[in-house]
Amino acid sequence: MKKRKTLAMGLAVAMAVSCLAGCGGDDKKASSDGKTEQVLNISNNSVVVGLNPLINTTGPDNAAFNMVLDPLVKRVTRDGNTYEIIPAAAESWDISEDGLIYTFHMNKDAKWSDGTKVTANDFEFTFQKMATPSVAATNAWLFDGIIENFSEALYDQGKKPEEIGVHAIDEDTLEIKIIHPASYFLELVSSSAYPVNKAMYEELGSDYATSETKTVFNGPFKIESWSQNTEMVVVRNDQYWGADDVKLDKINYKIIQESATAVQSYINGELDVIGTTDANWGKTIEEQGESESYQVPDSSPEFFMLNAANEYLCNEKIRQALSVAYDRQEMIDTLRNGKGVPIYSMMPDTIQVGEKTYTELVGGKNHFVQELQNEIKDPKALLIEGLKELGKDPDPSKVTIRYASRGTDELSKKIAEWMKQQWESVLGINVEIDMMEWNIMWDKIDAGDYDIATGGWGPYYNEPSALLQLFDPDNGYFNAEKTGWSGEDPKKYQELLNEAKYEVDDQKKAELYLQAEELVVKSGLIEPTYLEEAPTFVKKYVKNYFVSTVGQVDFSQVYIEK
Amino acid sequence: MVKFIGKRLAYAVLTLFLITTATFFLVAGAPGDPIAAKVGQMPEQAQEIIREKYGLDQPVVKRYTTYMKNLLTTGDFGESIIYTGQSANDIIKNNTLVSAKIGLLGLLFQVTIGISLGMVAALNRGKPVDHVIRVLVVLAICVPSFVFASVLQYFLAFKWKLVPVFGWGELKHYILPVAAYAIGGIASYTKYMRSSTLSVIGEDYIITAKAKGCTKKRVVRKHVLRNAMLPIITMIGPSLAGIFAGSFILERMFAIPGLGFYYVKAVSDNDYTMVIGLTIFFAILFVGSLIVVDILYGIVDPRIRVAKGKK
């Protein structure tokens, strides 16, 4: 009996030990020469979905590609919330007089991490794959209607992917023909056309980039290991043409979903960069005194969209009353601890038309909500006027409007409750809150089954059309079927956008955009609310790490100085 | 016995089939669109291209038959809709072990510590030790594991820097999640062991053993412990199936690369290949552990086996 018990005990111990030993198995080597090795530790709360730039295009995916893949040109952040477009895989480029032909001269020293040359053919191939319907490239639609023959190929309307306006004239020269002048084209190329390696893609097909060993990199770094929900380790790419100037040896890009965990590890020195909106943690970090903080608003406007097909919201006066019935600054202070910037135009003030900002070009006239706030002294009276126009009972308390939340998280709940309170107390109407997950909200918007919904949008390039396109009554994401927009205005809107597309003068272009914006914002169809602002803290020993509203962090310039 | 196990297995297969079918139609019928996140911003035409690729343009019954055919012939759960290029099988394979390691270690601590504490409390019934243990047990059962986790994380890792705040791969990374995982279980095992021991202590055979002149030590080891363990053993079965599911929140808190992340995300993303794959996987584990428990009953307590046999 005694023996058996000892045996059992022994087994239990052996189990525990072997389990622990197994744990220690994947032990990573700590850098012993920490002083010479330049390592940056960063984190994200969402995972990198995949490594194929044709089909993986989420924010974290792009953040990873930004380190390991060089597009033709790069848009990088510089000091003081500025950004610039710099040469990457192409060392220079010419634009034809009419703005329709872009000729990129490839960097002759550019190599893939396997040592082969990066050629114009790789980029030609990348664009052709994007235009191939069966690939289902997620960024393809961005070039539809811009690059010659692109939509015809993508939607199988008589052209082949080989016939799109992207041609490798020779190994070192790539020519792209576009169908209307677009000052933002370079930006679009920088953010949405990371290359694939032609030879390897042809060999692997749909297996391309399913793991870090089945792809190659042409950027400043390459992926050494990737475990989707833990960590991506990128190291300096020795084959990179500018490798001598790259200062970091390694970047550990960790996945931490829980923000409290991330902040605590930042304070304890396990991470070098952190973003947090939590005021208490922010204070603790400030008190520690080891960080630089950057606080820049993002460039993605938050807005409410009103369904013009609704029996009340079809009236402009009622919509305008809703739009001015609350104070946007108060909204930010109450709901977001003051972290945000109120907006009175659908365009963030940083958005540009050519060299200048849109706001500057139109002399601030785009702040339509402010204009409405000045005009409308009594929103409730305006609402009643609107009800009378509609021939409805002028008693606001008989009006019920549904508000669809974008998700069931804490912030969405708070926003819903706050808005309900504001609209009900100022206008005397009833607001019903419809709490739903955000993917369900998309469905409801699709079906037009909502009265007021929350939206937010990160423009793909820093130009007004990137936002105005959304509301294009035919092709926009929020098209007339979803917004219920009808009458003459939608047609006029389309004409204005089309005219702006072919306008080469920046001033005139901006004014056309202004007229278009007036149709959606001043009419109260869209109520811009705020830009989010999340403070980013960077340890003082991290140099050259800049944060901006647009543009990616240029990791090739970042270094550590302890 | 063979007939009994065979019958159990047949039921298990039927159960799995029903679970798969029900899950498929529930997910397919749930509001929301698996590729909404991916294509939300695209124009209609561009969305169609992506929908076609995943066969989402097909009617649901067609999708079901295709899916089942694939599953039965190749055992393939299909490619994740969200994690493009990765099959649900791979994701499960790559992440299960991590969850299981924490769960198994946690369970080991739960059982060993729980049994010891329960015995100590029962044998010292009414004494201060018993009171202390009972108060701690109530506390530990009431407070959810993620609260323990954040408290442990805050003090041990953040304030005192004894262990890392998060991470995976080294021994030191196990300490916090395993501790947080184990605490609740330790408390329940302590509670059950205490009451089970108390009831055993009152039995006639214990008095007999004492009367025979057994030493107290021997009575506890030979008679009390063995008999009091019976209900505990039957508790371990379901706990075994739960070791994968139990640590979802902890995985998130300590950034541990387990299955939990995918399970939670898959549901909110409507990623139906992942949801079904994971559901089948957990169903197999659960049904399997129930069979094991049934068999264990028979082995541990012959009376149960006889009773079943008579039926």
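Residues numbered from 1 in each chain as written. Chains lettered and ligands numbered in written order. Predicted model: local features only at pLDDT ≥ 70, side-chain atom pairs only at ≥ 80, totals over all residues.

**What to know about the overall build of chain A**
Line of reasoning, step 1. Broken down by element type, chain A carries 19 helices and 24 strands.
Line of reasoning, step 2. For chain A, the C-alpha radius of gyration of 27 Å lies close to 24 Å, the compact-globule estimate for 562 residues.
Line of reasoning, step 3. With the C-alpha coordinates of chain A rotated into their principal frame, the extents come out at 85 × 75 × 50 Å.
Line of reasoning, step 4. Counting every position in chain A, which comprises 562 residues, the buried fraction comes to 48%. (Helix = DSSP H or I, 4+ residues; strand = E, 2+ residues; numbered from the N terminus. Rg over C-alpha atoms; globule rule 2.2 N^0.38 Å. Buried ≥ 20, exposed ≤ 12 C-beta atoms within 10 Å, placed from the backbone.)

**Examining the overall build of chain B**
Line of reasoning, step 1. Scanning chain B from N- to C-terminus turns up 14 helices and zero strands.
Line of reasoning, step 2. Reading the secondary structure of chain B in the N-to-C direction produces α-α-α-α-α-α-α-α-α-α-α-α-α-α.
Line of reasoning, step 3. Rg of the C-alpha trace for chain B: 25 Å, well past the compact-globule value of 19 Å for 311 residues, more than 25% over.
Line of reasoning, step 4. In terms of overall dimensions, chain B has C-alpha extents of about 85 × 60 × 30 Å along its principal axes.

**Structural notes on the environment of A:Ser345**
All names here are of chain A.
Line of reasoning, step 1. Examined against the element boundaries, Ser-345 turns out to sit in the loop between strand S14 (340–342) and strand S15 (352–353).
Line of reasoning, step 2. Separated by 181 residues in the primary sequence, Ser-345 and Ile-526 place their C-alpha atoms 9.5 Å from one another.
Line of reasoning, step 3. Residues within four places of Ser-345 in sequence aside, it is in contact with Asn-366, His-367, Phe-368, Glu-517, Val-521 and Pro-528. (Contact = placed C-beta atoms within 7 Å.)

**Notes on the packing of helix H7 (residues 145–159) of chain B against helix H8 (residues 175–201) of chain B**
All names here are of chain B.
Line of reasoning, step 1. Direction vectors running N to C along H7 and H8 enclose 145 degrees, while the axes themselves pass 9 Å from each other. Handedness of the crossing formed by H7 with H8: right-handed. Across from Ser-145, Phe-148, Ala-149, Leu-152, Gln-153, Leu-156 and Ala-157 in H7, the residues of H8 making contact are Leu-176, Ala-179, Ala-180, Tyr-181, Ile-183 and Gly-184.
Line of reasoning, step 2. Tallied by class, the residues present in the contact of H7 with H8 amount to ten nonpolar, three polar and no charged. (Axes fitted to C-alpha atoms, helices over the stretch in contact; angles between N-to-C directions. Left-handed = near helix turned anticlockwise from the far one by under 90°. Nonpolar A, V, L, I, M, F, W, Y, C, P; charged D, E, K, R; others polar.)

**Some thoughts on the sheet that holds strand S5 (residues 101–106) of chain A**
Residue and element names in this part refer to chain A.
Line of reasoning, step 1. The four strands are arranged S4-S5-S7-S6 in an open sheet whose pairing can be described as antiparallel. With one partner strand each, in any of the chains shown, strand S4 (90–95) and strand S6 (166–170) form the two edges of the open sheet. Within this sheet the neighbouring strands show an average axis-to-axis angle of 20 degrees, counted without direction.
Line of reasoning, step 2. With five bridges joining them, S4 and S5 adopt antiparallel strand pairing. (Pairing = 2+ DSSP bridges.)

**Quick look at the confidence of the model for chain A**
Line of reasoning, step 1. Averaged over every residue, the pLDDT of chain A is 89; residues scoring 70 or more account for 94%.
Line of reasoning, step 2. Low pLDDT, under 50, characterises residues 1–34 of chain A; the stretch is placed with 16 contacts to residues that sit more than four places away or in other chains. (pLDDT = per-residue confidence, 0-100.)

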